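Now for the letters of each chain:
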Amino acid sequence: MIRGTLSACRSPHLAALHARAASGFRYPLSTLYARPRPFSGSVGDGDGTDDAATPSQSQSNDAEEPPRRKAKSDREKVLESLPVTFADISRANVAIRNGVIRTPCVKSYFLSELLGANIFLKTEFQQFTGSFKERGARNAILALLREQGNTVRTTGVIAASAGNHALALAYHGKDLGVPVTVVMPTVAPLAKVDKCKKFGAKIIIHGAHIGEAKEFAEQLIASEGLEYVNGYDDPPIVAGAGTIGIEIIEDVPCVDAVVVPVGGAGLIAGVSCAVKTLKPDVAVYGVEPEFAASYIAALEAGKPVPTKVTPTLADGLAVPTVGPHAFEVARHYVDECVTCTEKEVSLAILRLIENEKMVVEGGGATGLAALLPGAQLDRPELKGKNIVVPLCGGNIDTTVLGRVLERGLAADDRMKNFVATVSDRPGGIARLTTLLGDHGASIKDMYHERAFLHTSIDQVHVKVVVELQGKEHAQEIERVLVEHGYNPVWDDASHKNMI
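Cut-offs applied
For every chain, the first residue of its written sequence is number 1, and the numbers climb from 1 along that sequence. In keeping with the predicted nature of the model, local features appear solely for residues at pLDDT of at least 70, side-chain atom pairs appear and are counted solely at 80 or more, and the whole-chain, interface and lining totals rest on all residues. For the side-chain quantities, the full set of heavy atoms in the structure was used; hydrogens and water were omitted. Numbering of helices and strands runs from the N terminus, with a helix taken as a DSSP run of H or I at least four residues long and a strand as a DSSP run of E at least two residues long. The contact criterion used is simple: two residues touch if any of their non-hydrogen atoms lie within 4.5 Å. Each accessible area is a Shrake-Rupley result for a 1.4 Å probe, and residues are judged covered by the shown protein chains and nothing else. In this scheme, strands are said to pair when DSSP sees at least two bridges between them. Throughout, an axis means a line fitted to C-alpha atoms (over the contacting stretch in the case of helices), and angles, computed between N-to-C directions, take values from 0 to 180 degrees. Each residue's exposure class comes from its accessible area (1.4 Å probe, protein chains only) as a fraction of the maximum for that residue type: buried when under 20%, exposed when over 50%, partly exposed otherwise. By the criterion used throughout, a crossover qualifies as right-handed when its path from the first strand across the helix to the second strand runs clockwise, the strands pointing away from the viewer. Two aromatic rings from Phe, Tyr or Trp, using only the six-membered ring of Trp, form a pair when their centres are within 6.5 Å; if the ring planes differ by under 30 degrees the pair is stacked, by over 60 it is edge-to-face, and anything between is tilted. Relative orientations are named as follows: roughly parallel for angles under 35 degrees, roughly antiparallel for angles over 145 degrees, roughly perpendicular for angles from 65 to 115 degrees, and oblique for any other angle. Left-handed is the label given to a crossing in which the near helix is rotated counterclockwise from the far helix by less than a right angle, and right-handed is the label when the rotation is clockwise. Residue polarity is assigned by list, with Asp, Glu, Lys and Arg as charged and Ala, Val, Leu, Ile, Met, Phe, Trp, Tyr, Cys and Pro as nonpolar; anything else, Gly included, falls into the polar class. Put simply, a salt bridge is a Lys or Arg side-chain nitrogen that is within 4 Å of an Asp or Glu carboxyl oxygen. Starting at the helix axis, one direction is taken to each C-beta atom, and the arc is that of these directions.

What about the overall build of the protein chain?
A count of helical and extended segments in the protein chain gives 22 helices and 14 strands. Restricting the contact set of the protein chain to residue pairs at least 6 apart, pairs at least 24 apart contribute 73%. As presented, the protein chain carries roughly 23800 Å² of accessible surface, and 53% of it is formed by carbon and sulfur atoms.

Quick look at the structure:
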């Protein structure tokens, strides 16, 4: 569908560029960034000063000098010396293409209307293990097989992960015949632990958090001779993630901006490198949860630094220190990084379920969260633009999903709670519930308390949770309650949203 609507924007040179880069040739960045020189109609040295060939020139055609290349700029030299280059990403694209799903970029009608831009969703949660991590995991294992041959099939690989990287490594390790050991902290979801076991991985539960799990994994590297695979910083991991950028340019060649979730910075490093190399005028934005802004802290310090991380709905992005390799690549390509709030994350998950029938985890929805009305990327310069948002993971526990949806409804002014004082005589609560029902409010929960109301013995406090239709409906319910003498006391957060 998308290819048909955007085929007119395709670059005829894209396939050739991929082929040359995948073969090991590092494409001169000067040819990517410089405008083509005008053709004068003759075969000369291309300086445009003489269109007519002189006799001496025609006689020396057999000994013609090769065309001179423009000297590389300092920036081009820096980009080619980075830990991951476009050539690495192109080779990864060829290597993994038969082992991972090529996910589509689906245009969202409803989100485009809501945000005032053409929103394309890159559905990476459709990978077999539920996240983009498969790309890097498979590329990393294939790189080890090329370097070490069957040796790595004997020794195996190890990683510390609480979720998506563990699943991806376990699955592709089994597929490629490489033993996988995963150290998971005690807080790792049991569902993900069980899935890793089903893929044949050796699971070790150790440490209260991912940092302690990683320290224990590093001890096993020396004692058992395992190869450690970092889930967001190893160059093959970053290159594998970057293949998403190639697919974005191929599927949405008219893209104006890409909005990428940021955790350890491996995803945005790879995607920004690929996108900016193929189409330098595309803006690349990173989005971090406000409770785990380690990439922004690294930008301010000029290097990766430890950052305080607090629990967040985007738990997959809660990385206290970004990877040094990933940061070095990303800082040369990414235009800007912003944060999103917990409310915006919960709303993004809700919007995706209601409008797109897509179940996405908190970390995978942060790109969309930053684009919602009132968020940091709700900007005039992005209105009407073609924006691609990678939905990078869908592994959310059902119990967590239920809580997140309720938070999303509350943030959307569709679930409110208040305390009202009613008569403790027969029919007192009934009159309140009838009033709410007559005005379209659905009562989700109700609790009444007699002991702590000291003003009148024949009155009772009632705490009510109601489901509403939105902000205007909430304001109407408050007005009606006040008119009938209930004088409700709304939850502070709920009331602030209504004002």
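Remarks on the sheet that holds strand E3 (residues 157–160)
Across the sheet, which stays open at both edges, the four strands sit in the order E5-E4-E3-E6 with parallel pairing between neighbours. Both edges of this open sheet fall to strand E5 (202–205) and strand E6 (227–228), since each of them pairs with a single strand only. Its contacts with the sheet put helix H10 (residues 164–176) on E3 and strand E4 (180–184), and the angle it makes with E4 is roughly 165°.

Structural notes on the pairing of strand E8 (residues 283–289)
Counting buried positions along E8 gives seven out of seven residues, so the element sits mostly inside the fold. Side chains Ala 283, Tyr 285, Val 287 and Pro 289 of E8 all project onto a buried face; the interleaved residues Val 284, Gly 286 and Glu 288 project onto the opposite face, where all are buried too. Looking at chain direction, strand E7 (residues 257–261) and E8 are connected through five bridges and run parallel. Across the sheet, Val 259 pairs through a bridge with Tyr 285, a residue of E8. With helix H14 (residues 266–278) bridging E7 and the parallel E8, this β-α-β connection has right-handed handedness. With five bridges connecting them, E8 and strand E9 (residues 336–340) associate as parallel partners. Of the residues in E9, the one forming a bridge with Gly 286 is Cys 337.

Looking at the packing of aromatic side chains
Inspection of the entire model under this criterion finds six aromatic pairs. A centroid spacing of 6.2 Å and a plane angle of 50° characterise the contact between Phe 128 and Phe 199, whose relative ring orientation is tilted. Placement of the pair is Phe 128 in the loop between strand E2 (118–123) and helix H8 (133–148) and Phe 199 in the loop between helix H11 (190–198) and E5, with a sequence separation of 71 residues. Every member of this aromatic cluster is reached through a ring pair, and the members are Phe 128, Tyr 171 and Phe 199.

A few points about the packing of helix H13 (residues 235–251) against H14
Interaxial distance between H13 and H14 falls to 7 Å at its minimum, and their mutual angle equals 40°. One element, H13, and the other, H14, form an angle in the oblique class. Seen from above, H13 lies across H14 with right-handed handedness. Listed contacts from H14 to Val 238, Ala 241, Gly 242, Ile 244, Gly 245, Ile 246 and Ile 249 of H13 are Gly 266, Leu 267, Ala 269, Gly 270, Val 271, Ala 274, Val 275 and Leu 278. Across the contact of H13 with H14, the residue classes break down as eleven nonpolar, four polar and no charged.

Focus: the environment of Asp 251
You can see Asp 251 is positioned in helix H13. Taking the C-alpha atoms as reference points, Asp 251 and Lys 122, separated by 129 residues in sequence, lie 9.8 Å from one another.

A closer look at the sheet that holds E8
Backbone-to-backbone hydrogen bonds pair the strands of a sheet. The strands run either parallel or antiparallel. Ordered in space as E1-E2-E10-E7-E8-E9, the six strands form an open sheet in which the pairing is mixed. The strands lining the two open edges of the sheet, one partner per strand, are strand E1 (105–108) and E9. For this sheet, the mean inter-axis angle between neighbouring strands, taken without regard to orientation, is 30°. Across six bridges, the pairing between E2 and strand E10 (residues 386–391) is parallel. Bridge assignment links Asn 118 to a residue of E10, and that residue is Asn 386.

Looking at the pattern of salt bridges
Taken as a whole and assessed by the stated rule, the structure comprises 17 salt bridges. We note a salt bridge from Asp 412 to Arg 351, for which the minimum N-O separation is 2.8 Å. Placement of Asp 412 in the loop between helix H19 (398–411) and strand E11 (415–423) and of Arg 351 in helix H17 (residues 342–356) is noted, with a sequence separation of 61 residues between them. Taking relative accessible area as the criterion, Asp 412 reaches 18% and is therefore assigned buried. Given a relative accessible area of 15%, Arg 351 falls into the buried group. With its nearest N and O atoms 2.9 Å apart, the salt bridge here joins Arg 414 to Asp 412.

Observations concerning the side chain of Asn 93
You can see Asn 93 is positioned in helix H6 (residues 86–96). Setting aside residues up to four positions removed in sequence, Asn 93 forms contacts with Thr 243 and Ile 246.

Quick word on helix H20 (residues 428–438)
Note on helix geometry: an α-helix contains 3.6 residues per turn, so any two residues three or four positions apart are oriented the same way. Among the residues making up H20, those that are buried are Gly 428, Leu 432, Leu 435 and Leu 436. Looking straight down H20, one finds that the buried residues subtend no more than 95° of arc, so they occupy a single side. Where H20 is buried, its residues contact E11, strand E12 (442–449), strand E13 (459–467) and helix H21 (471–483). Looking one or two residues past H20, Gly 440 carries a phi angle of roughly 85°, positive in sign.

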